[in-house]
Amino acid sequence: MRRLKKIFRACFWFILITMVVVSVYYLFHNYRILKQVYQHEEQVEAVLEQKDMLQYKEIVLAIIFTETKGSGEDPMQSSESSYGKANQITEKKESIEQGVDFLKQAIKDSQNKNCDIWTGIQAYNFGLDYIDFIAQNGGVNTMELAEQYSRDTLAPLLGNTDKKQYRYLQVDSLIYNGGYLYHNGGNFFYANLVKKNLKKIEATSFLF
């Protein structure tokens, strides 16, 4: 009995220490990402003010967190919406200006078609046609609708007619479907990822 208690105590402390170490690593890792993201804050504010979108500053920072974690010369991954293919933008200001323009259009289209803002956020990843799809299906972005559009519309449109999947190991994806996305189908978890990263931005803005 005494031996079992020792084993139980050792297991308890091992689990506790492991949890503390993982938590500290997670916090430090996110702090480093947030620090990189907030390096763009001043430029983001300037562009948003120019385009009368200052109320969306935290969302834009959350998109930067989601897209690139604040690194590289195209922090908003705007090359495809601007040039139709990746890795074309090599200047941060252009990336932010193009990204904000596209987001503004997505939000405006969502509002005009009586859709929620997260439809516009998901359209940042899927393209503006997604807004029409949601408008015809209740006006509210959901994971199920995003997956349906990814699988049945976007993936086949871009060549994946067999609906082939690939592994995508994130907490949300593992819980939802075991961790997969469709080839050429964008990321149907995108709006949820931005939503989670927005909470990190809102909770830590006082640090930067």
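Residues numbered from 1 in each chain as written. Predicted model: local features only at pLDDT ≥ 70, side-chain atom pairs only at ≥ 80, totals over all residues. Heavy atoms only, no water.

Caption draft 1: Fine view of the packing of helix 2 (residues 41–50) against helix 5 (residues 92–112). Two numbers describe how helix 2 lies on helix 5: the axes approach to 10 Å, and their chain directions differ by 45°. By the angle between their axes, helix 2 is oblique relative to helix 5. The hand of the helix 2/helix 5 crossing is right-handed. Each of Gln43, Val44, Val47 and Leu48 in helix 2 lies in contact with helix 5, whose residues at this interface are Lys92, Lys93, Ile96, Glu97 and Val100. Residue classes in the contact of helix 2 with helix 5 are distributed as five nonpolar, one polar and three charged. (Axes fitted to C-alpha atoms, helices over the stretch in contact; angles between N-to-C directions. Helix = DSSP H or I, 4+ residues; strand = E, 2+ residues; numbered from the N terminus. Parallel < 35°, antiparallel > 145°, perpendicular 65-115°, else oblique. Left-handed = near helix turned anticlockwise from the far one by under 90°. Contact = heavy atoms within 4.5 Å. Nonpolar A, V, L, I, M, F, W, Y, C, P; charged D, E, K, R; others polar.)

Caption draft 2: Spotlight on the packing of aromatic side chains. Applying the stated criterion across every chain, the model contains 15 aromatic pairs. Ring plane angle 65° and centroid distance 6.1 Å describe the contact between Tyr176 and Phe188, whose orientation is recorded as edge-to-face. In this pair, Tyr176 is assigned in helix 9 (residues 171–177) and Phe188 in the loop between strand 2 (180–182) and helix 10 (190–204), connecting sequence segments 12 residues apart. Consider the rings of Phe188 and Phe189, whose centres lie 4.4 Å apart with planes at 35°: the pair is tilted. A relative accessible area of 1% places Phe189 in the buried class. In textbook terms, an aromatic cluster arises when at least three aromatic residues are bridged by ring pairs, as seen for Tyr168, Tyr176, Tyr180, Tyr182, Phe188 and Phe189. One cation-aromatic arrangement involves Lys195 over Trp118; the distance from NZ or CZ to the ring centre is 4.9 Å. (Phe/Tyr/Trp six-rings, centres within 6.5 Å; stacked < 30°, edge-to-face > 60°. Buried < 20%, exposed > 50% of the residue type's maximum accessible area, 1.4 Å probe, protein only. Lys NZ or Arg CZ within 6 Å of the ring centre and 35° of its normal.)

Caption draft 3: Spatial organisation of helix 8 (residues 143–157). Between its first and last C-alpha atoms helix 8 spans 20 Å; for 15 residues at 1.5 Å apiece the expected length is 21 Å, and the two agree. Largest kink in helix 8: about 40°, centred on Ser150. Summarising the contacts, the buried residues of helix 8 are in contact with helix 6 (117–126), helix 7 (129–135), helix 9, strand 2 and helix 10. Just beyond helix 8, the residue with positive phi is Gly159, at close to 110°. (Expected span 1.5 Å × (residues − 1). Bend = angle between axes of the 7 residues up to and from the residue.)

Caption draft 4: Highlighting empty space enclosed by the protein. According to the stated counting rule, one finds one cavity of 30 Å³ or more in the structure shown. Within this model, the largest cavity holds a volume of roughly 30 Å³. The wall of the largest cavity is formed by Gln122, Asn141, Thr142, Met143, Ala146, Phe188, Phe189, Ala191 and Asn192. Residue assignment for the lining of the largest cavity shows that the elements contributing at least two residues are helix 8 and helix 10. Tallied by class, the residues present in the lining of the largest cavity amount to five nonpolar, four polar and no charged. (1 Å grid on protein atoms, 1.4 Å probe; cavity = no way out; pocket = protein on both sides within 12 Å on 5 of 7 lines; lining within 4 Å. Points joined across faces, edges and corners; volume = space filled by probe spheres on them.)

Caption draft 5: Quick look at helix 3 (residues 57–68). Compared with an ideal rise of 1.5 Å per residue, which puts 12 residues at 16 Å, helix 3 spans 16 Å between its outermost C-alpha atoms and is within 8% of the ideal. For helix 3, a buried count of 10 out of 12 residues is recorded, marking the element as mostly surrounded by other parts of the structure. Buried within helix 3 we find Lys57, Ile59, Val60, Leu61, Ala62, Ile63, Ile64, Phe65, Thr66 and Thr68. Positive backbone phi, at 60°, marks Lys69, one or two positions downstream of helix 3.

Caption draft 6: Layout of the environment of Trp118. Looking at the element boundaries, Trp118 is found in helix 6. Taking the C-alpha atoms as reference points, Trp118 and Val194, 76 residues apart in sequence, are found 9.2 Å from one another. In this structure, Trp118 is in contact with Asn141, Ala191, Val194, Lys195 and Leu198, ignoring residues within four places of it in sequence.

Caption draft 7: Here's a closer look at the layout of surface pockets. Considering only enclosed or pocket space, the largest pocket measures out at about 1200 Å³ in volume. Lining the largest pocket are 40 residues, with Thr66, Glu67, Asn125, Asn187 and Tyr190 positioned closest to its centre. Elements with a contribution of two residues or more to the lining of the largest pocket: helix 1 (2–38), helix 3, helix 4 (79–83), helix 6, helix 9 and helix 10. Sorting elements by how many residues they give to the lining of the largest pocket places helix 10 first, with five residues.

Caption draft 8: The pattern of salt bridges, seen in detail. Applying the stated criterion across every chain, the model contains eight salt bridges. Between Glu97 and Lys93 there is a salt bridge, and its shortest N-O distance comes to 2.5 Å. Note that Glu97 and Lys93 are positioned in helix 5 at a spacing of four residues, about one turn of the helix. Here Glu97 falls in the partly exposed class, since its relative accessible area comes to 23%. Of the charged contacts, one joins Asp172 and Lys196 as a salt bridge, the two residues approaching to 3.7 Å between their closest N and O atoms. Of this pair, Asp172 sits in helix 9 while Lys196 sits in helix 10, placing them 24 residues apart in sequence. Judged by its relative accessible area of 35%, Lys196 falls in the partly exposed class. (Salt bridge = Lys/Arg side-chain N within 4 Å of Asp/Glu carboxyl O.)

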